[in-house]
Amino acid sequence: ARAGSKVVAASATAEPLAGLQWDMAQIHATAGGGSYDVQLGDHGVRVGILDSGIDGTHPDIAPNLDLARSCSFIFDHDPAALDVEKGNGDCSNKAAVQDQFGHGTHVASIIAAPINGIGIAGVAPSVKIMAIKFLSSNDAGCGTDAQAIAAIAYAAAQGAKIINASWGGYGVSPALEAAIAAVPSVLLVAAAGNDNVDNDISPTYPASYDLPNVLSVANAHHAGFLAGTTNYGLSTVDVAAPGTAIWSSIPAPSGGTAGWMFMHGTSMAAANASGVAALATAAKPSLYGNATGLRNQLIRTGRPLPAATGWIANARLLDARAAVVARPDIARIAGSDRYASAAAVSAAVYPSLTQY
C-alpha cells in the first residue's frame, strides 16, 4: 500500500503521559510554540525495527505492530540455521520476536505508539511497525553481521521503506554496507553512537557508511545543544534529533503490568528521526520508496540548531511539521526558472513552431 493519508493528530496531546514527552513538543514545534497538530501517518507506511524485538503485549504499541511480517533472526541453539542468502529467520513463531531486553520496545513506541488514551503518542502514531529481532540481552548467538544483513533484506522484502537501526559498532563490514546499498529504496536511519567520539576519525557503522540511503543521527538535549555523550562528525553525522530523557514504553516485567521509562542516547534520537521520516513519507507519496529524496527532505527542513555548528554536517534539529508541509526538492530538467522550463518544454513538444 502507498502512503497518502492526511489525518490530523490534534488529539495526541490528550494521551495521559504526553506531558513527559518533551521530544514531541520539539519535533512538532512551530514558530508559535509546540503543537501536535501534524498528521498521524498512514498504515501503508511500514517501519522495520531492527532491534531486540518488541513487546507485542504492551497496549501502547501492540495496535501498530504488524506481527504477521515480524521475524526473529536469533538462533541461540543453532546459529548455523541462518541462511544469509535466503534471509530465512524464525518467522512462524511470533513469540520469538518478544522483547526481553526493553530496548526495541522503547524505540518502537517512540516511533509509533498509537493514540488510544494509554500512555504516550508516537511521532507517527498511525504507521505500522515490524519487529525484526537480531539483538538480545544475551549476546550469545545474536548481533552478528550475518544476522543484520539477513534482517535488512527481510525487512525490505516485507515492504519496509524505513528501517530504524538504533545500534552500531566500530568494525567496518563491506558485506553489511553492500546489503544496505542493495536496497536503495529503503532509508536506513542509524544511531551515530554514544561514546562522544568523532565518527570522521573513528567511524561507527552502519551510521558512517557513505550511502545515499543512510541517515546518521546525533542526540540533541532539550536545552538546545548536542548531548555530551553523542558521537559527532562534520562529514559522517547528518543531523540531530531529541535523544536525552526520552519517555517511552518498556516491556512488562514478569507477572507485572506494562510500563514506561526514560532512556537516553542516539538510539532514541534515531527513533524520533524514523518517526519524522514516516510522517513525511505518508504526507508526500513522491517520497515513498525514494530514500535519497526522503533523506534530503528531512535534512533540509530541519530547524537550525546553532550549538551543533562545527560538530555535525547539518546543524539542524529534525522538524516534523516542516518535513510534512514543505515541498520536496524538485529536479529541474530544463531552464533556470519556471518560465524557461515552460519554454523549453514547448520547444521540445512543438519543434515546428516559429519563434518570434
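Enquirer: Tell me about the packing of aromatic side chains, and name the residues and values.
Expert: For the structure shown, the criterion picks out five aromatic pairs. Measuring from centroid to centroid gives 5.7 Å for Phe73 and Tyr154, while their planes differ by 65 degrees, and the two rings are edge-to-face. Taken together, the residues Phe73 in the loop between β2 (71-72) and α2 (103-112) and Tyr154 in helix α3 (residues 145-157) connect sequence positions 81 residues apart. Phe73 sits in the buried class, given a relative accessible area of 0%.

Enquirer: So, the pairing of strand β8 (residues 246-250): which residues are in play, and what are the values?
Expert: Burial analysis of β8 places five of its five residues in the buried class, which makes it a mostly covered element. Across five bridges, β8 lies against strand β9 (residues 259-263) in antiparallel orientation. Bridge pairing in β9 places Ser248 opposite Met261.

Enquirer: Could you give an account of the packing of α2 against helix α5 (residues 266-283), with specific residues and numbers?
Expert: It is the contact of α2 with α5, at a shortest axis distance of 8 Å, that shows an interaxial angle of 35 degrees. Between α2 and α5 lies a crossing whose hand is right-handed. The segment α2 lies against α5, with His103, His106, Val107, Ile110 and Ile111 engaging Ser267, Met268, Ala271, Asn272, Ser274 and Gly275. Broken down by class, the residue content of the contact of α2 with α5 amounts to five nonpolar, six polar and no charged.

Enquirer: Can you tell me about the pattern of salt bridges, naming the residues and giving the values?
Expert: Opposite charge on two side chains permits pairing when their charged atoms draw close. One pass over the structure, following the stated rule, counts four salt bridges. Note that Asp319 is salt-bridged to Arg303, the shortest N-O span being 3.1 Å. A residue pair is termed long-range when its members are at least 10 positions apart, and Asp319 in the loop between β11 (316-317) and α7 (320-325) and Arg303 in strand β10 (residues 303-304) qualify at 16 residues. If you follow the salt bridges from partner to partner, you end up with Arg46, Asp66 and Arg69 in one network.

Enquirer: Can you explain α3? Please cite residues and give values.
Expert: Across its 13 residues, α3 extends 18 Å between first and last C-alpha, which sits within 8% of the 18 Å expected from 1.5 Å per residue. Restricting attention to buried positions, one finds in α3 the residues Gln147, Ala148, Ile149, Ala150, Ala151, Ile152, Tyr154, Ala155 and Ala156. Along its buried surface, α3 packs onto β1 (46-51), β2, β3 (128-133), β4 (162-165), α4 (174-181) and β5 (187-191). In the segment just after α3, Gly159 is the residue with positive phi, at about 100 degrees.

Enquirer: I'd like to hear about the nonpolar core, residue by residue, with values.
Expert: In this structure, Ile111, Ile129, Leu215 and Leu298 are the most contacted members of the largest nonpolar core, which totals 54 residues. Ignoring anything within four residues of it in the chain, the contact list for Ile129 reads Val47, Ile49, Ile54, Ile61, Asn64, Leu65, Asp66, Ala108, Ile111 and Ala112.

Enquirer: How would you sum up the side chain of Ser248? Please name residues and give values.
Expert: Inspection of the secondary structure assignment puts Ser248 in strand β8. Note on Ser248: relative accessible area 0%, which makes it buried. Polar contacts involving the side chain of Ser248 include one to the main-chain carbonyl oxygen of His106, which spans 2.8 Å. The residues touching Ser248, leaving out its near neighbours within four places in the chain, are His106, Ser109, Ile110, Ile120, Gly259, Trp260 and Met261.

Enquirer: How would you summarise the confidence of the model for the protein chain if you had to cite specific residues and measurements?
Expert: This prediction gives the protein chain a mean pLDDT of 84; 81% of its residues lie at or above 70. pLDDT under 50 marks residues 1-11. Its contacts with residues more than four places away, or in other chains, come to 37 contacts. Note on residues 30-38: pLDDT under 50 across the span, and 25 contacts to partners over four residues away in sequence or across chains.

Enquirer: Any details on the environment of Leu67? Residues and values, ideally.
Expert: With respect to the element layout, Leu67 can be found in the loop between β1 and β2. Using a relative accessible area of 36% as the deciding quantity, one classes Leu67 as partly exposed. In this structure, the C-alpha to C-alpha distance between Leu67 and Ala131, residues 64 residues apart in sequence, is 7.3 Å.

Enquirer: Describe the pairing of β5, listing the residues and the values that go with them.
Expert: Among the five residues of β5, five are classified as buried, and the element is accordingly described as predominantly covered. In β5, alternate side chains face the same way, and those of Leu187, Val189 and Ala191 on one face and Leu188 and Ala190 on the other are all buried. Sheet analysis places β4 next to β5, joined by four bridges and oriented parallel. Residue pairing for β5: Ile163 is matched across the bridge by Leu188. Note on the crossover from β4 through α4 to β5: the handedness is right-handed. Where β5 lies against strand β6 (residues 214-220), four bridges are found, and the strand directions are parallel. Paired with Leu188 across the strands is Val214, a residue of β6.

Enquirer: I'd like a description of helix α6 (residues 291-300), backed by residues and values.
Expert: Count 3.6 residues to each turn of an α-helix, and residues three or four apart come out pointing the same way. In terms of burial, α6 is a largely internal element, seven of the ten residues being buried. Check the buried side of α6 and you find it contacts β4, β5, β6, α5, β11 and α7.

Enquirer: So what's going on with the environment of Ile111? Which residues, and what values?
Expert: Among the secondary structure elements, Ile111 is positioned in helix α2. Spatially, the C-alpha atom of Ile111 lies 9.6 Å from that of Ser248, the residues being 137 residues apart in sequence. Those residues in contact with Ile111, other than ones at most four positions away along the chain, are Val47, Ile49, Gly122, Val123, Ala124, Pro125, Val127, Ile129, Asn164, Ala271, Ser274 and Gly275.

Enquirer: Can you break down the environment of Ser202 residue by residue, with the values?
Expert: One can find Ser202 in the loop between β5 and β6. Between the C-alpha atoms of Ser202 and Tyr170, which are 32 residues apart in sequence, the distance is 7.2 Å. If sequence neighbours within four positions are ignored, Ser202 has contacts with Tyr170 and Val197.

Basis of the calculations
- Numbers given for residues are sequential positions, taken from 1 along each chain in its written order.
- In view of the model being predicted, local features appear only for residues whose pLDDT reaches at least 70, and side-chain atom pairs are presented and counted only at 80 or more, with totals across whole chains, interfaces and linings using the full set of residues.
- Working from all heavy atoms in the structure, the side-chain values ignore hydrogens and water.
- Think of it this way: a Phe, Tyr or Trp ring, Trp meaning its six-membered ring, pairs with another when their centres are within 6.5 Å, and the plane angle makes it stacked under 30 degrees, edge-to-face over 60, tilted otherwise.
- The secondary structure listing takes helices from DSSP runs of H or I that are at least 4 residues long and strands from runs of E that are at least 2 residues long, numbered from the N terminus.
- Exposure classes here rest on a 1.4 Å probe applied to the protein chains alone. A residue is buried below 20% of its type maximum, exposed above 50%, and partly exposed in between.
- Two strands are counted as paired when DSSP detects at least two bridges linking them.
- Here an axis means a line fitted to C-alpha atoms, over the contact stretch when the element is a helix, while the angle between two N-to-C directions is reported on a 0 to 180 degree scale.
- Left-handed describes a crossing whose near helix is turned anticlockwise from the far helix by less than a right angle; the clockwise case is right-handed.
- Residue contacts follow a heavy-atom distance rule, with two residues in contact if any of their heavy atoms lie within 4.5 Å.
- Residues are sorted three ways: Asp, Glu, Lys and Arg are charged, Ala, Val, Leu, Ile, Met, Phe, Trp, Tyr, Cys and Pro are nonpolar, and all the rest, Gly among them, are polar.
- Here, a salt bridge means any side-chain nitrogen of Lys or Arg that lies within 4 Å of a carboxyl oxygen of Asp or Glu.
- Expected span of a helix: the number of residues minus one, times 1.5 Å.
- For our purposes a nonpolar core is just a set of buried Ala, Val, Leu, Ile, Met, Phe, Trp, Tyr and Cys residues, chained together by side-chain atoms within 4.5 Å.
- Polar contact criterion, stated in full: a pair of N or O atoms within 3.5 Å, where within protein one must be able to donate a hydrogen and the other to accept it, and residues adjacent in sequence count only if both atoms are side-chain atoms.
- Confidence of the predictor at the level of single residues is given by pLDDT, which spans 0 to 100.
- A clockwise path from the first strand over the helix to the second, with the strands pointing away from the viewer, defines a right-handed crossover.

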